[in-house]
Amino acid sequence: MLRAMFKRYTITFWATLFVGVVCLSLIAVDVWRSLIARDAQVQEIQRLTSNVARAMAQHADDTIKAADTSLADIVERIETDGLGAPALARVHRQMQAQVANLAQLAGLFVYDEGGQWLVNSRAVLGPSLNNADREYFVYHRTHDGRGPHVGEPVISRTSGKWIIPVSRRLNKADGSFGGVVLATLDIDYFSRFYQSFDIGARGAVALISNQGVLMVRRPFDDNRVGTSLRDNPLFQAYSARHGSGSGMFVSPYDDELRFNSYRALEHYPLFVTAALSQEEMLEHWRRDSFTRSIGVIVLAALLGFFGKRLVGQINLRVQAEAELRQARDQLEGANRTLERLAMQDGLTGLANRRQLDVTLGNEFSRAVRHADTLSFVMIDVDYFKQYNDLYGHGAGDDCLRTVSKLIRVLTPKRAGDVVARYGGEEIGILMPNTELAGALAVAERIRQAIEQLQTAHRGSPFGVLTISAGVAAITPRRGEHAAGMLVEAADKALYAAKAGGRNQVVAADGV
Ligand SMILES: Nc1nc2c(ncn2[C@@H]2O[C@H](COP(=O)(O)OP(=O)(O)OP(=O)(O)O)[C@@H](O)[C@H]2O)c(=O)[nH]1
């Protein structure tokens, strides 16, 4: 079945199909490889952002935790030792030591219930400032909770720099609000850490509060600290899950589409997000795919070009073969015609003298071998010269054709029987395996049939066209007889028939 299908289409078709399939496969494999490479790159981006987010969350947790531990310690001391001058002096020294120890700490402050600071971490206590209006102060005054509070970023009134306030409530002995202990975290500290990540030129990382307030971001911009991201899809995605997750989000700050991994801090109401620009990250892949695609397209084009030429060559060959076959068939046909013509008489369509000689030779040898009898009849049209003279040479030709046709019809058609134009208006009939009597009967039947044609012949005393025939038969023996002797004998008999008055059949005396 496969073979039949293969044969139904030409070799050109299969060659074209093969070249086409190879070209398409080449392109398909490249596209497939490219998609896999892109997938791997995207996975790499996800892994990278997830790792950065984890490191940032851990760092922020540890940073705040260290400051908060100091706060808890100070709260405990003040609530135990009171606010007397010696106690405050001790707290002051402790604060200075803590700030010197912790790089993230911009300062430590203790405020009374009215918002005036009582002591801070500075070396020289300057004039007291009132921070009763700060969000964290209001928060502790209105909330009983003893846990840490991470406030919104503010510009420090003492240093003029952006800080993140982390605070705890001070209680009086009766449990009423006694003030606030505050640690300010230097936003620069976070920025510096965030600069250390390799997130590309267009990557971004940020620390954001659970209320959607931006604490720190890389790339850093003063004006963006403290802005709200509540309406941002990234914040909404985080709010919905409150853990870790990822997704593609457009930044509200620079409209860049990035792949974000976000993660909540373990102990504080904040989360971090690490984002890489998908476009930037896929740039390498794009360049690589582009170069490869160009290579593959050039290869496919070359393959197509040479394939087309190859198919053209095959086509030419197939055509040449078909032409050759056709030429060979024509030649064979011409040869057959030539062969036939060489053995045939052109006027009468009977065998010619050459064929008669060949057949006579063969049949004579066979008759010798099998001791068979071979007969030969020599026929000659009577007064044919006159016929030509009276009716014209063309009519003479027609007459010869008619006589030949009749003789052919009336001659037995056994294998080896040959009716041949012997020459001029003489026709010979060779009949192997035939006795003299049989040959005489055939000759007589022919003579009568021609006479009965009643073809007018004014030049003949019979008034119609007639023939004379001489018949001879021989059972040849090797060394004693030759083929020519049979023809000679028939010829002699024909001569006798002519001499005897024509329109008769005469048998040869013997060979
Ligand atoms: N039209 C035509 N005439 C032919 C052809 N071949 C031989 N002849 C003529 O046949 C005639 C033979 O004449 P002859 O051999 O003298 O004998 P005849 O006239 O037939 O007389 P008899 O044989 O004695 O009865 C000649 O005139 C030839 O030109 C031929 O192919 N066509």
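If you're wondering where the values come from, they're calculated on a predicted model, not measured in any experiment.

Turning to the overall build of the protein, a few remarks are in order. When its secondary structure is counted, the protein shows 13 helices and 16 strands. Buried positions account for 34% of the 511 residues belonging to the protein. Put simply, of all contacts in the protein between residues at least 6 apart along the chain, 63% involve residues at least 24 apart.

Moving on to the nonpolar core. Ranked by internal contacts, the top residues of the largest apolar core, which has 68 residues, are Val 205, Ile 208 and Val 272. If one sorts the elements of this core by residue count, helix α2 (residues 11–81) sits on top with 13 residues. The contact partners of Ile 208, leaving out residues within four places of it in the chain, are Val 213, Leu 214, Met 215, Leu 229, Phe 235, Leu 270, Phe 271 and Thr 273. Among the nonpolar cores identified, the runner-up in size contains 49 residues, and Ile 429, Ala 439, Ile 446 and Ile 450 belong to it.

Attention now moves to the sheet that holds strand β9 (residues 244–250). Strand order across the open sheet formed by five strands is β8-β7-β11-β10-β9, with antiparallel pairing between neighbours. The open sheet has two edge strands, β8 (214–218) and β9, and neither has a second partner. Averaged over neighbouring strand pairs, the angle between their axes works out to 20 degrees when direction is ignored. For β9 and strand β10 (residues 257–264), the ladder comprises seven bridges, and the chain directions are antiparallel. Of the residues in β10, the one forming a bridge with Gly 245 is Tyr 262. Packed on one face of the sheet, α2 meets β7 (204–209), β9, β10 and β11 (270–277) and runs near 150 degrees to β11. Across the sheet, helix α6 (residues 233–241) lies against β7, β9, β10 and β11, angled at about 160 degrees from β9, the strand it touches most.

Tracing the backbone through its elements, the reader meets Lys 161 in the loop between β4 (154–155) and β5 (162–171). When the C-alpha atoms of Lys 161 and Ala 106 are compared, they prove to be 9.2 Å apart, with 55 residues separating the residues in sequence. Discounting chain neighbours no more than four positions away, the residues touching Lys 161 are Ala 106, Ile 155, Ser 156, Asp 186 and Asp 188.

This part takes up the packing of helix α10 (residues 384–391) against helix α11 (residues 393–410). Following both chains from N to C, one finds α10 and α11 inclined at 130 degrees, their axes separated by 6 Å at the closest point. Regarding the angle of α10 to α11, the classification is oblique. Contact with α10, carried on its side by Phe 384, Tyr 387, Asn 388 and Tyr 391, involves His 393, Ala 395, Gly 396 and Cys 399 of α11 and no other residues of that element. A class-by-class count of the residues in the contact of α10 with α11 yields five nonpolar, three polar and no charged.

As a further point, take helix α3 (residues 85–101). Under the 1.5 Å per step criterion, the end-to-end length of α3 is 24 Å for 17 residues, consistent within 8% with the ideal 24 Å. Within the span of α3, buried status applies to Val 91, Met 95, Gln 98 and Val 99. Taken down its axis, α3 places every buried residue within 90 degrees of arc, on the same side. Looking at α3, the residues exposed on the side facing more than 90 degrees away from the buried face are Ala 85, Pro 86, Ala 89, Arg 93, Ala 97, Ala 100 and Asn 101. Close packing links the buried residues of α3 with α2, β1 (105–112) and β2 (117–120).

Before going further, it helps to spend a moment on the sheet that holds strand β15 (residues 467–474). Taken together, the five strands give an open sheet; going across it, the order is β13-β14-β12-β15-β16, and neighbouring strands pair in mixed fashion. Strands at the two margins of the open sheet, each flanked by one partner only, are β13 (418–423) and β16 (505–507). Averaged over neighbouring strand pairs, the angle between their axes works out to 20 degrees when direction is ignored. Note that β13 and strand β14 (residues 426–432) share five bridges and pair antiparallel. Bridged to Ala 420 within β14 is Gly 428. Lying over the sheet, α11 contacts β12 (374–381), β13, β14 and β15, oriented at roughly 10 degrees with respect to β14. Contacting β12, β15 and β16, helix α13 (residues 483–499) runs over the sheet at an angle of about 145 degrees to β15.

This next bit is on the site of the ligand. Close contacts around the ligand come from 17 residues, with Asp 382, Phe 384, Lys 385, Gly 396 and Gly 424 the closest. For the shell around the ligand, the secondary structure elements donating two or more residues are β12, α10 and α11.

All right, on to the UniProt feature "coiled-coil region" (unreviewed entry) in the protein then. Feature annotation in UniProt places "coiled-coil region" (unreviewed entry) on residues 317–344, given in this structure's numbering. For the annotated span residues 317–344, helix accounts for 96% and strand for 0% of the residues, and the straight-line distance between the end C-alpha atoms is 40 Å.

At their nearest, the axes of α2 and α3 sit 10 Å apart, and the two run at 170 degrees to each other. Regarding the angle of α2 to α3, the classification is roughly antiparallel. Counting all contacts with α2, which are made through Ser 70, Ile 74, Arg 77, Ile 78 and Asp 81, the residues of α3 involved are Ala 87, Val 91, Gln 94, Met 95 and Gln 98. Of the residues that constitute the contact of α2 with α3, the class distribution is five nonpolar, three polar and two charged.

Attention shifts here to unusual backbone geometry. The omega angle of the peptide bond from Arg 218 to Pro 219 is 5 degrees, so this bond is cis rather than trans. Its identity as a non-glycine residue notwithstanding, Tyr 383 has a phi of 50 degrees, on the positive side. Tracing the backbone shows Tyr 383 in the loop between β12 and α10. A positive phi angle, near 50 degrees, is found at Asn 503, a position not held by glycine.

Let's shift gears to the pairing of β12. Along β12, eight of the eight residues are buried, which leaves the element largely enclosed by surrounding structure. Of the two faces of β12, the one carrying Leu 374, Phe 376, Met 378 and Asp 380 and the one carrying Ser 375, Val 377, Ile 379 and Val 381 are both buried. Summarising the sheet, β12 and β15 pair through eight bridges and their orientation is antiparallel. Pairing of Asp 380 across the sheet is with Ser 468, part of β15.

Let us look at the pairing of β8. Among the five residues that make up β8, five are buried, leaving the element largely enclosed by the rest of the structure. Relative to β8, β7 runs antiparallel, the two sharing four bridges. Residue pairing for β8: Ala 206 is matched across the bridge by Arg 217. The antiparallel hairpin formed by β7 and β8 contains four residues in its connecting segment, where Gly 212 sits at a positive phi of about 90 degrees.

Rules of the game
Residues numbered from 1 in each chain as written. Predicted model: local features only at pLDDT ≥ 70, side-chain atom pairs only at ≥ 80, totals over all residues. Helix = DSSP H or I, 4+ residues; strand = E, 2+ residues; numbered from the N terminus. Buried ≥ 20, exposed ≤ 12 C-beta atoms within 10 Å, placed from the backbone. Contact = placed C-beta atoms within 7 Å. Core = buried A, V, L, I, M, F, W, Y, C linked by C-beta atoms within 7 Å. Pairing = 2+ DSSP bridges. Axes fitted to C-alpha atoms, helices over the stretch in contact; angles between N-to-C directions. Parallel < 35°, antiparallel > 145°, perpendicular 65-115°, else oblique. Nonpolar A, V, L, I, M, F, W, Y, C, P; charged D, E, K, R; others polar. Expected span 1.5 Å × (residues − 1). Arc of directions from axis to C-beta. Near = placed C-beta within 6 Å. UniProt positions renumbered as here; feature names shortened; annotations may be inferred.

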